[in-house]
Amino acid sequence: MSITVSHISKSYGKVTALKDISFDVKKGELFGLIGPDGAGKTTLFRILTTLLFADEGTATVAGYDLVNDYKKIRSHVGYMPGRFSLYQDLTVEENLNFFATIFGTTIEENYDLIKEIYVQIEPFKTRRAGKLSGGMKQKLALSCALIHKPKVLFLDEPTTGVDPVSRKEFWEMLKRLQQKGITILVSTPYMDEAALCDRIALIQDGKILEIDTPEAIVKHYPKKIYDVRSDHMYKLILDLNAFQHKHSVYPFGEFVHYTDTREAFNTAELENYLKEKGHQNIIIKPTKTTIEDTFMELAK
Amino acid sequence: MKTILFIIQKEFKQIFRNKGMLPIIFVLPLLQLVILSNAATFEIKNIKFSYVDRDHSTTSRALIKKFNASTYFNVLQAFPSQAIANEAMLQGKVDVVLEIPKYFERNLQKEKHTKLGITINAIDGAAAGVENVYVTQILQQFNKKLATKLMQPTDVKNRPKSIESIPLFWYNETLNYKTFMVPGILVLLVTMITLFLSGMNIVREKEIGTLEQINVTPIKKYQFIIGKLFPFWVIGFGLLTIGLILGKVIFNVPIIGSLPLIYFYTGIYLFVILGMGFFISNFTDTQQQAMFIAWFFVVIFILMSGLFTPIESMPQWAQQITELNPVKYFVQVMRMVMLKGASFTDILPQILKTATYAIVMNGLAVWSYKKTN
């Protein structure tokens with residue numbers, strides 16, 4: 001096991017940030033913490049990277065105890081905080097050199113590991129970090145977190161505020177790092193990214209709702225979901241919510257995701273209901289369950 | 001060791017890349033040195049002087065002439081009556097009014113005795129005191145001359161013996177105010193700049209989030225602290241050096257004592273200030289907070305340092321508080337070594353107190369710096 005967390009709790013005064021969290025991450029696994037803002041993801045990261053003490057519970061990272069061996073953990077983990085936190089007034093190369101030195105290594109020594117990422121920003125190595133674009137900053141931050149060849153990599157919302165192309169690239173990079181045997185714990189508020197993880201933990205209000213592979217989590221969803229749309233989306237949501245057999249109604253892109261309380265649900269019935277309400281161009285069709293649907297259902 | 005060197009190198013790079021910071025570190029303090037040393041003076045000059053002459057005699061005119069000749073007084077005008085003179089003082093047009101009574105000359109000659117009325121604006125008590133001394137000096141000189149003039153040959157035998165004191169002003173013979181102020185203001189600048197910079201520096205890493213990143217690394221507490229503070233130690237010396245050169249070149253301030261001794265003491269003193277800055281930054285989350293707290297201490301330290309007002313004239317409780325003021329010791333040492341040529345043993349008490357202070361302050365700072373929170 002690369003990370004084991006058992007019964008971790010943490011509160012700030014009266015606010016409970018984490019409540020009895022337990023999970024394991026296997027070596028070389030890409031594990032995702034999926035949850036909305038304020039769910040406690042960052043607190044958990046700060047505890048696991050030895051920046052914060054947990055009120056209760058124990059955990060090990062890379063085989064070391066969180067409290068007794070915190071010094072060893074610091075040499076073996078890479079941490080990329082949610083906010084870009086490198087020296088804006090140092091150049092790309094100086095930042096990388098700085099982190100290499102304080103980890104007691106050099107860029108050359110671990111160049112293999114960061115090569116793929118670093119070559120993309122190497123043309124700008126004399127540019128100050130503050131002047132880089134968002135995607136490049138993120139690549140630099142990842143390079144800095146990897147420079148000492150960590151066994152476990154913690155990425156706290158690495159793709160928040162990054163454009164879709166860079167996000168996609170970033171996840172491809174993570175997949176390749178995973179192949180090199182690095183355990184990765186990544187948090188994200190984006191449900192679509194969850195599908196790219198080996199396993200995910202859905203977390204809300206400091207509690208873990210469910211832990212499983214993305215496919216399994218989706219299969220757990222008990223209902224059949226229908227995509228519904230018409231000309232008046234806002235009115236549609238109101239009318240669907242007013243429908244006597246509705247189970248859940250959530251806007252989802254250009255459709256509304258609708259589930260019915262009954263096993264035997266006939267789409268024609270709903271269509272007639274909506275027509276009565278004056279909707280036109282009605283489409284009702286079954287659709288695939290996503291992690292977001294599952295999350296919404298669990299978080300209900 | 002390599003890590004420390006690398007952090008120091010990084011700090012210097014950041015300081016010298018910060019285009020807004022460099023002038024603040026080096027140019028502004030030196031401007032202050034030049035301006036303050038010239039402006040912050042207790043010498044009272046250009047006193048607005050006026051008079052009411054009711055006598056209109058040769059003697060009264062001679063007395064006014066005396067005031068006219070003095071560089072301290074600006075004889076503005078004669079008022080016809082005391083009431084008008086009082087009105088002018090109320091409006092702040094004059095500081096000192098001399099009233100020469102009627103029969104001034106006659107009384108002097110006949111009775112060898114007369115009285116003069118002097119009114120001084122005493123809103124600034126210290127200044128009024130100094131003005132009083134100046135007026136008295138001029139009157140005494142005038143009196144002496146007059147006495148000789150009025151003396152009859154028969155009086156010579158009975159001439160009263162008088163005691164005259166001739167003061168010698170040691171260590172600052174010409175009573176040059178700048179000689180006294182420049183070492184003090186230099187202390188002020190070195191203290192202010194190093195305290196602000198060190199206080200804000202670590203908070204800045206907190207603000208931009210790099211501290212969190214660094215805390216996850218295996219870097220040792222002492223490596224980080226030394227690496228962070230050493231550059232400001234060097235900058236403190238840099239400021240002292242430039243200040244001493246300017247003091248010598250522009251103000252011709254004597255440096256009688258040994259320069260290495262000044263640097264040796266400054267080295268210890270800077271530890272106190274850096275420790276203090278570091279301590280402040282451990283308890284603050286933003287540069288703004290750090291700045292306010294640093295200001296609070298700097299103002300108290302400076303006003304209670306004996307730089308502008310003598311510690312001896314403070315109330316007893318305040319004098320005891322100044323024992324805790326590192327700036328006081330630095331001001332004392334600078335003045336003692338630069339102006340009196342004090343030796344190592346002379347300033348040993350100050351060295352010991354400052355060194356103790358440095359150990360306590362840095363101990364507290366290291367103790368309060370936590371990599372976890």
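Calculation notes
Each chain carries its own residue numbering, running from 1 in the direction its sequence is written. Each chain takes a letter, starting from A, and each ligand takes a number, starting from 1, following the order in which they are written. With pLDDT at 70 or above as the cut-off, local features in this predicted model cover only qualifying residues; side-chain atom pairs require 80 or more to be listed or tallied, and sums for whole chains, interfaces and linings still use all residues. Segments assigned H or I by DSSP are reported as helices when at least four residues long, segments assigned E as strands when at least two residues long, and all are numbered from the N terminus. Exposure is read from a count of other C-beta atoms within 10 Å of each residue's own; the residue is exposed at 12 or fewer, buried at 20 or more and partly exposed in between. C-beta atoms are placed from the backbone. Distance between backbone-placed C-beta atoms decides contact: two residues are in contact if it is within 7 Å. Start and end positions for the domains come from either an automated domain assignment or a database one. Any two strands between which DSSP finds at least two bridges are classified as paired. Here, axes are lines fitted to C-alpha atoms. For helices the fit covers the stretch in contact, and angles between N-to-C directions go from 0 to 180 degrees. Polarity classes work like this: nonpolar for Ala, Val, Leu, Ile, Met, Phe, Trp, Tyr, Cys and Pro, charged for Asp, Glu, Lys and Arg, and polar for all others, with Gly in that last group. An angle counts as roughly parallel when it lies under 35 degrees, as roughly antiparallel when it exceeds 145, as roughly perpendicular when it falls between 65 and 115, and as oblique in every other case. The hand of a helix crossing depends on one turn: near helix anticlockwise from the far one by less than a right angle means left-handed, and clockwise means right-handed. We call a crossover right-handed when, viewed with the strands running away from us, the connection from the first strand over the helix to the second turns clockwise. To estimate how far a helix should reach, multiply one less than its number of residues by 1.5 Å. The reported bend at a residue is simply the angle between two axes, fitted to the 7 residues ending at it and to the 7 residues beginning with it.

**Here we look at the overall build of chain A**
So, step 1. A tally of helices and strands in chain A yields eleven helices and 14 strands.
So, step 2. Looking at chain A as a whole, 41% of its 300 residues qualify as buried.
So, step 3. Counting contacts in chain A only where the partners sit at least 6 residues apart, residues at least 24 apart contribute 70% of the total.

**What about the overall build of chain B?**
So, step 1. The number of helices and strands found in chain B is 14 helices and four strands.
So, step 2. Here the C-alpha coordinates of chain B stretch approximately 95 × 45 × 40 Å along the principal axes.
So, step 3. Counted over contacts in chain B with a minimum sequence separation of 6, partners at least 24 positions apart contribute 80%.

**Thoughts on the domain arrangement of chain B**
So, step 1. Looking at the assigned domains, one finds that chain B contains domain 1 (47–158) and domain 2 (178–368).
So, step 2. Measuring from the centre of the C-alpha atoms in domain 1 of chain B to the corresponding centre in domain 2 of chain B gives 49 Å.

**A short note on the pairing of strand 3 (residues 96–100) of chain B**
Residue and element names in this part refer to chain B.
So, step 1. Within strand 3, four of the five residues are buried, which leaves it mostly tucked inside the rest of the structure.
So, step 2. Across five bridges, strand 1 (residues 47–53) lies against strand 3 in parallel orientation. By the bridge assignment for strand 3, D53 is matched with I100.
So, step 3. Of the pairings in the sheet, the one linking strand 3 to strand 4 (residues 117–120) comprises four bridges and is antiparallel in character. Pairing of E99 across the sheet is with G117, part of strand 4.

**A closer look at the sheet that holds strand 13 (residues 255–260) of chain A**
Residue and element names in this part refer to chain A.
So, step 1. Strand order in the open sheet made by the four strands is 12-13-11-14, with antiparallel pairing throughout. Two strands close off the open sheet at either side, each with one partner strand: strand 12 (246–252) and strand 14 (283–287). Taking the axes of each pair of neighbouring strands and ignoring which way they run, one obtains an average angle of 30° across the sheet.
So, step 2. Across three bridges, strand 11 (residues 225–229) lies against strand 13 in antiparallel orientation. Among the inter-strand pairings, Y226 is bridged to a residue of strand 13, identified as Y258.

**Points about the interface of chain A and chain B**
So, step 1. Listed as interface residues are 22 residues of chain A and, on the opposing side, 20 residues of chain B.
So, step 2. Among the secondary structure elements, those contributing two or more residues to the side of chain A that touches chain B are helix 2 (70–76), strand 6 (77–80) and helix 3 (92–102) of chain A.
So, step 3. Within the side of chain A that touches chain B, the residues separate by chemical class into twelve nonpolar, six polar and four charged.

**Regarding the domain arrangement of chain A**
All names here are of chain A.
So, step 1. Domains assigned within chain A are domain 1 (3–219) and domain 2 (225–299).
So, step 2. Put simply, the middle of domain 1 and the middle of domain 2, counted by C-alpha atoms, are 37 Å apart.
So, step 3. Across the contact, eleven residues belong to domain 1 and eight residues belong to domain 2.
So, step 4. Among the elements of the structure, helix 7 (191–194), strand 9 (199–204), strand 10 (207–212) and helix 8 (214–219) are those that each provide at least two residues to the side of domain 1 that touches domain 2.
So, step 5. Looking at the side of domain 1 that touches domain 2 element by element, the count peaks at three residues for helix 8.

**With respect to the packing of helix 10 (residues 259–282) of chain B against helix 14 (residues 348–368) of chain B**
Residue and element names in this part refer to chain B.
So, step 1. Where helix 10 meets helix 14, the closest approach of the two axes is 8 Å, and the angle between their N-to-C directions is 25°. Classified by the angle their axes make, helix 10 and helix 14 are roughly parallel. The way helix 10 lies across helix 14 gives a crossing that is left-handed. For the pair helix 10 and helix 14, the contacting residues are Y265, I268, Y269, F271, V272, G275, M276, F278, F279 and N282 in the first and I351, T354, A355, Y357, A358, M361, N362, L364, A365 and S368 in the second.

**Here's the deal with the sheet that holds strand 2 (residues 73–78) of chain B**
Residues and elements named next belong to chain B.
So, step 1. Here four strands make up an open sheet; going across it, the order is 2-1-3-4 and the pairing mixed. The open sheet has two edge strands, strand 2 and strand 4, and neither has a second partner. Shown here is a sheet whose adjacent strand axes are inclined to one another by a mean of 25°, direction ignored.
So, step 2. On top of the sheet, helix 4 (residues 82–90) reaches strand 1, strand 3 and strand 4; it is set at about 165° to strand 1, its chief contact.

**Overview of the environment of P260 of chain B**
Residue and element names in this part refer to chain B.
So, step 1. By secondary structure assignment, the location of P260 is in helix 10.
So, step 2. Judged by the 9 C-beta atoms lying within 10 Å of it, P260 is exposed.
So, step 3. Along the primary structure P260 and F104 are separated by 156 residues, whereas in three dimensions their C-alpha atoms are 62 Å apart.

**Overview of the environment of T126 of chain A**
Residues and elements named next belong to chain A.
So, step 1. Along the chain, T126 turns up in the loop between helix 4 (111–121) and helix 5 (134–146).
So, step 2. Considered as a pair, T126 and R74 are 52 residues apart in the sequence and their alpha carbons are 29 Å apart.
So, step 3. Filtering out sequence-adjacent residues up to four positions away, T126 remains in contact with T91 and E93.

**Structural notes on the pairing of strand 2 of chain B**
Within a regular strand, side chains alternate between the sheet's two faces.
Residues and elements named next belong to chain B.
So, step 1. The pairing of strand 1 with strand 2 spans five bridges and is parallel. Looking at the pairing, K48 lines up with N74 of strand 2.
So, step 2. Each parallel crossover has a hand, and for strand 1 linked through helix 3 (residues 58–69) to strand 2 it is right-handed.

**A short note on the environment of L76 of chain B**
Residues and elements named next belong to chain B.
So, step 1. Tracing the backbone shows L76 in strand 2.
So, step 2. Along the backbone, L76 and A318 are 242 residues apart, and their C-alpha atoms lie at a distance of 42 Å.
So, step 3. Setting aside its immediate chain neighbours within four residues, L76 contacts K48, F49, S50 and V94.

**Comments concerning helix 5 of chain A**
Three- or four-residue spacings in an α-helix give side chains the same orientation, since the helix completes a turn every 3.6 residues.
Residue and element names in this part refer to chain A.
So, step 1. Between its first and last C-alpha atoms helix 5 spans 19 Å; for 13 residues at 1.5 Å apiece the expected length is 18 Å, and the two agree.
So, step 2. Taken together, the buried positions of helix 5 are Q138, K139, L140, A141, L142, S143, C144, A145 and L146.
So, step 3. Where helix 5 is buried, its residues meet strand 6, helix 3, helix 4, strand 7 (152–156) and helix 6 (164–179).

**Examining unusual backbone geometry**
So, step 1. Phi is positive for T50 of chain A, which is not a glycine, with a value near 65°.
So, step 2. The buried category is assigned to T50 of chain A, around which 23 C-beta atoms lie within 10 Å.

**Let's talk about helix 7 (residues 177–208) of chain B**
Residues and elements named next belong to chain B.
So, step 1. Its 32 residues place the ends of helix 7 46 Å apart at the C-alpha level, agreeing with the 46 Å of an ideal helix rising 1.5 Å per residue.
So, step 2. At N201, helix 7 shows its strongest bend, of approximately 25°.
So, step 3. Across the 32 residues that make up helix 7, a large majority, 24, are buried.
So, step 4. At the C-terminal side of helix 7, G209 shows a positive phi close to 90°.

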